[in-house]
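Coordinate inspection notes
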Amino acid sequence: MVDSERVQNPWIASSSDQVASISQAELNAQAPLLLESPSLQPPPSPPQSSDANKLGIGERAFSAAGAAFISAIIVNPLDVAKTRLQAQAAGVAYSHRLSNMTSRMACFGPNMMFADLRCSPSCSRAGIHGTISLCPPECFRYKGTFDVLYKVVQQEGFSRLWRGTNAGLALAIPTVGIYLPCYDLFRNWLEEFTARSAPMTTPYVPLVAGSLSRSLACATCYPIELARTRMQAFQETQVGKKPPGVFQTLVGVVSHVKGSNSPPQNTWQGYRVLWTGMGAQLARDVPFSAICWSILEPTRRKLLSLVGGDDANALGVLGANFSAGFVAGTLAAGATCPLDVAKTRRQIERDLVRQLRMTTRQTLMEVWRDGGMKGLFTGLGPRIGRAGPSVGIVVSFYEVVKFALHAQR
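Structural notes, computed from the coordinates. (Residues numbered from 1 in each chain as written. Predicted model: local features only at pLDDT ≥ 70, side-chain atom pairs only at ≥ 80, totals over all residues. Heavy atoms only, no water.)

**Focus on the environment of Ala 328**
- Mapped onto the fold, Ala 328 is located in helix 11 (residues 314-335).
- On a C-alpha basis, the gap between Ala 328 and Phe 288 in space is 9.5 Å, while along the polypeptide they are 40 residues apart.
- Setting aside chain neighbours within four positions, we find Ala 328 in contact with Cys 292, Ile 295 and Leu 296. (Helix = DSSP H or I, 4+ residues; strand = E, 2+ residues; numbered from the N terminus. Contact = heavy atoms within 4.5 Å.)

**Observations concerning the packing of helix 3 (residues 57-89) against helix 5 (residues 145-156)**
- Two numbers describe how helix 3 lies on helix 5: the axes approach to 9 Å, and their chain directions differ by 100 degrees. In terms of orientation, helix 3 lies roughly perpendicular with respect to helix 5. Listed contacts from helix 5 to Pro 77, Leu 78, Ala 81, Arg 84 and Leu 85 of helix 3 are Thr 145, Val 148, Leu 149, Val 152 and Glu 156. (Axes fitted to C-alpha atoms, helices over the stretch in contact; angles between N-to-C directions. Parallel < 35°, antiparallel > 145°, perpendicular 65-115°, else oblique.)

**Considerations on the packing of aromatic side chains**
- For the structure on display, the rule yields five aromatic pairs.
- Between Phe 158 and Trp 162, the ring centres sit 5.3 Å apart and the planes meet at 55 degrees, which makes this aromatic pair tilted.
- The exposed category is assigned to Phe 158, whose relative accessible area is 55%.
- Judged by its relative accessible area of 30%, Trp 162 falls in the partly exposed class.
- An aromatic cluster is built from Tyr 179, Tyr 183 and Trp 293, whose rings are joined through pairwise contacts.
- Positioned above the aromatic ring of Tyr 179, the side-chain terminus of Arg 214 is 5.0 Å from the ring centre. (Phe/Tyr/Trp six-rings, centres within 6.5 Å; stacked < 30°, edge-to-face > 60°. Buried < 20%, exposed > 50% of the residue type's maximum accessible area, 1.4 Å probe, protein only. Lys NZ or Arg CZ within 6 Å of the ring centre and 35° of its normal.)

**Some points on the packing of helix 11 against helix 15 (residues 380-408)**
- It is the contact of helix 11 with helix 15, at a shortest axis distance of 7 Å, that shows an interaxial angle of 150 degrees. Taken together, helix 11 and helix 15 sit at an angle that is classed as roughly antiparallel. Considering only the axes of helix 11 and helix 15, their crossing is right-handed.
- Residue classes in the contact of helix 11 with helix 15 are distributed as 15 nonpolar, eight polar and two charged. (Left-handed = near helix turned anticlockwise from the far one by under 90°. Nonpolar A, V, L, I, M, F, W, Y, C, P; charged D, E, K, R; others polar.)

**Points about a nonpolar patch on the surface**
- On the surface, Phe 69, Ile 73, Ile 74 and Ile 173 cluster together to form a nonpolar patch covering roughly 320 Å² of accessible area.
- Tallying contributions element by element places helix 3 first for the nonpolar patch, with three residues.
- Of note, Phe 69 is situated in helix 3.
- Residue classification places Phe 69 among the partly exposed residues on the basis of a relative accessible area of 39%. (Patch = residues over 30% accessible without salt bridge, like charges linked within 9 Å, V, L, I, M, F, W, Y side chains within 5 Å. Areas by Shrake-Rupley, 256 points an atom, 1.4 Å probe, with all protein chains shown as cover. Salt bridge = Lys/Arg side-chain N within 4 Å of Asp/Glu carboxyl O.)

Right, dumping it as structure tokens:
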């Protein structure tokens with residue numbers, strides 16, 4: 001009926017179109033003025049689409065577990081190098097079977113005419129001393145990251161570069177499975193809350209969400225982190241013997257405390273020791289997460305906007321998240337390296353009294369007194385080399401799997 005009236009009365013259609021065009025022109029003219037008003041500015045667009053934010057906790061945990069699995073395998077050799085360097089700086093002896101005179105003399109027998117006391121059969125540094133092939137002292141001390149990797153391969157075997165990987169997987173999968181989904185949930189909730197109540201605090205949401213989620217994950221899985229650090233720091237000196245695993249390492253820690261002359265009222269002290277050093281772990285991880293996410297979120301939002309925003313494909317999501325994670329992880333690892341040194345030193349401490357009484361502040365002062373600034377940044381190279389790719393892999397894989405799950409819907 002209306003269409004027929006418009007056909008019969010062309011002036012109706014023309015006048016209505018003219019009014020619509022005038023109204024549209026007025027709106028276009030007033031749009032810049034409206035946007036200039038701070039109270040009328042649209043809120044910043046979220047980093048993900050609303051549909052992607054509806055993914056369940058199970059799907060997020062699955063994505064995070066897969067990311068943690070890949071990262072733990074790829075970067076474990078650098079983690080071994082970092083821990084060995086920090087343990088050596090803390091005074092842990094080089095535990096090679098030929099690094100001291102007693103073990104060397106045990107190689108001699110009544111019928112032995114020539115003793116091969118090299119650190120490995122392929123060592124080129126050894127010299128001939130009479131009837132003894134002997135390595136120099138530098139064969140039994142680490143000089144740097146690549147020296148650690150070389151000596152571990154030569155003296156212990158290539159597979160030892162992945163020493164503690166089972167603990168790393170046992171730690172990373174539940175930790176990251178808690179960490180990243182909780183970060184997503186905390187971030188989304190805090191962004192909605194601050195957008196309504198305190199818009200000026202919205203830029204600090206990643207810092208708070210990262211700190212809360214990391215604290216929760218750390219407190220839940222700390223004993224496995226303790227086992228991994230001890231497995232990586234200490235060498236197995238008995239040839240042909242399989243190194244202890246995660247469970248055996250934790251049992252050894254508890255047995256050491258129970259076997260000491262502790263008073264009867266400290267029955268639970270052996271189990272409390274499994275959380276010894278968690279303060280140092282939190283002192284490292286909470287600032288790391290705060291710095292990392294504060295850099296990562298704005299960086300990846302900017303990169304995602306360059307590759308298409310919400311319409312970006314899987315390759316764009318992968319590249320933007322990996323680049324942002326690599327930069328953020330590298331900077332955060334460098335800034336928190338002294339706290340990582342303190343964490344490692346507390347976890348490898350074998351003196352029961354010191355183990356239970358040392359604080360993070362006292363440990364840092366001890367490191368400063370023994371090694372100065374160089375001591376505080378022991379293992380900086382492998383830590384940065386590990387953290388950058390690790391954060392990039394975890395975040396990018398996590399987001400790509402979420403992207404794929406969302407695309408299937």
